[in-house]
Amino acid sequence: MPARKSISGRKPSARRLLAAEVARLRAESGKSLGQLADETTYDRTYLHKLETGVRIGSPEVIAALDKVYGTGERLAMLWELAREDVFPDKYKRFMELEATATVRYEYSAATVPGLLHRVYVREVLGVALPGDEQELEESVVARLGRQRLLHQDSPSHYRAVLDEAVLRRAVSDPEDWQGQLAHLLTTAQLAHVTLQVLPFSAGLHALIGTSLTLLWQPDGSAVAYTEDSHSGELVEEAGSVERLRLSYDLLRDSALSPRESVAFIQRLMEDNATCEPLDPN
């Protein structure tokens, strides 16, 4: 049976399918939004936004709806597909490629890479989405969901080089930041993960101000994704990818060894633990 298409001839997005299914289920049940709010403990305005596709919701509200309607995990499965709609279209091609990559190399110039986030992700996204708690929650869940790439069966090899600036720019809560640094150390112990720190003493390099991800596919081909604070670009042309790979190799050779990098992060945690907070007055 062919996939259902919209009037324009294009397949509807997973986000729209989820919204339509949530709305259909309530219509069939005969429940008002108020009744549904009472049964799920979620605000009726929020539930209305799920039905109109303004929000995709969190795993918790979707699980509550599946329970109320007795639909098993049907909505949860639709939500998994719709979650990808949170990301910009140009990033979805990258996500498709990262899912099939056998090797992933990454350099982060300013912030902890998404695959290594802990609570850090909420504050980073909160800067970009001030004042909209529901949208923030959806973005946090979507990005943390990508970390399954590190913990799936037969994960790809992952090498991350973190600029020292990443480790010096802490989040507002010192305990959260200590937890994030500890999470880096824990992740670095995984057999398929290599973590390195590029110290300030390494000096100038070709990727200053630019974060880079390199993905190798099963057929040996590679793609690159470059990103700054305002935009990102997927690079698939072989010559351009090769030039970025060389820049990465030179940068990696200037970084601390994995063992030295772990020791660097440990010292940083010790220094942070003994620092007295500054008096704002």
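That block above? That's the structure.
Residues numbered from 1 in each chain as written. Predicted model: local features only at pLDDT ≥ 70, side-chain atom pairs only at ≥ 80, totals over all residues. Heavy atoms only, no water.

### Things to note about the overall build of the protein chain
Argument step 1. In terms of regular secondary structure, the protein chain is built from 13 helices and 6 strands.
Argument step 2. In the protein chain, which comprises 281 residues, the share counted as buried stands at 43%.
Argument step 3. Taking as baseline every contact in the protein chain between residues at least 6 positions apart, the subset at least 24 positions apart corresponds to 69%.
Argument step 4. Total accessible area on the protein chain stands at roughly 15,600 Å², and carbon and sulfur atoms take up 52% of it. (Helix = DSSP H or I, 4+ residues; strand = E, 2+ residues; numbered from the N terminus. Buried < 20%, exposed > 50% of the residue type's maximum accessible area, 1.4 Å probe, protein only. Contact = heavy atoms within 4.5 Å. Areas by Shrake-Rupley, 256 points an atom, 1.4 Å probe, with all protein chains shown as cover.)

### Some remarks on the sheet that holds strand β5 (residues 222–227)
Argument step 1. Taken in spatial order, the 6 strands of this open sheet run β3-β2-β1-β4-β5-β6, and their pairing is mixed. The open sheet has two edge strands, β3 (193–198) and β6 (232–235), and neither has a second partner. Direction aside, neighbouring strands of the sheet carry axes that sit 10 degrees apart on average.
Argument step 2. The pairing of strand β1 (residues 103–108) with strand β4 (residues 211–216) spans 5 bridges and is classified as antiparallel. Directly across from Glu106, in β4, lies its bridge partner Thr213. (Pairing = 2+ DSSP bridges. Axes fitted to C-alpha atoms, helices over the stretch in contact; angles between N-to-C directions.)

### Points about the packing of aromatic side chains
Argument step 1. Inspection of every chain in the model, using the stated rule, returns 4 aromatic pairs.
Argument step 2. Ring geometry for Tyr105 and Trp216: centres 5.1 Å apart, planes at 70 degrees, overall edge-to-face. On the criterion of sequence distance, the pair formed by Tyr105 in strand β1 and Trp216 in strand β4 is long-range, its members being 111 residues apart.
Argument step 3. Three or more aromatic residues joined by ring pairs form one cluster here, namely Tyr105, Trp216 and Tyr248.
Argument step 4. The ring of Tyr105 is capped by Arg159, whose NZ or CZ atom sits 5.5 Å from the centre of that ring. (Phe/Tyr/Trp six-rings, centres within 6.5 Å; stacked < 30°, edge-to-face > 60°. Lys NZ or Arg CZ within 6 Å of the ring centre and 35° of its normal.)

### Here's the deal with the pairing of β6
Argument step 1. Of the strand pairs in this sheet, β5 and β6 are connected by 4 bridges, and their pairing is antiparallel. Paired with Glu227 across the bridge in β6 is Gly232.
Argument step 2. The loop that links β5 with its antiparallel partner β6 comprises 4 residues.

### Quick word on the packing of helix α1 (residues 14–29) against helix α3 (residues 44–52)
Argument step 1. The contact between α1 and α3 brings their axes to 6 Å, and the two run at 120 degrees. The angle between α1 and α3 places the two elements in the oblique class. On the side of α1, the interface is formed by Ala19, Val22, Ala23 and Arg26, while α3 contributes Leu50, Glu51 and Thr52.
Argument step 2. Here the contact of α1 with α3 is composed, by residue class, of 4 nonpolar, 1 polar and 2 charged. (Parallel < 35°, antiparallel > 145°, perpendicular 65-115°, else oblique. Nonpolar A, V, L, I, M, F, W, Y, C, P; charged D, E, K, R; others polar.)

Shape descriptors only; they carry no functional weight alone.
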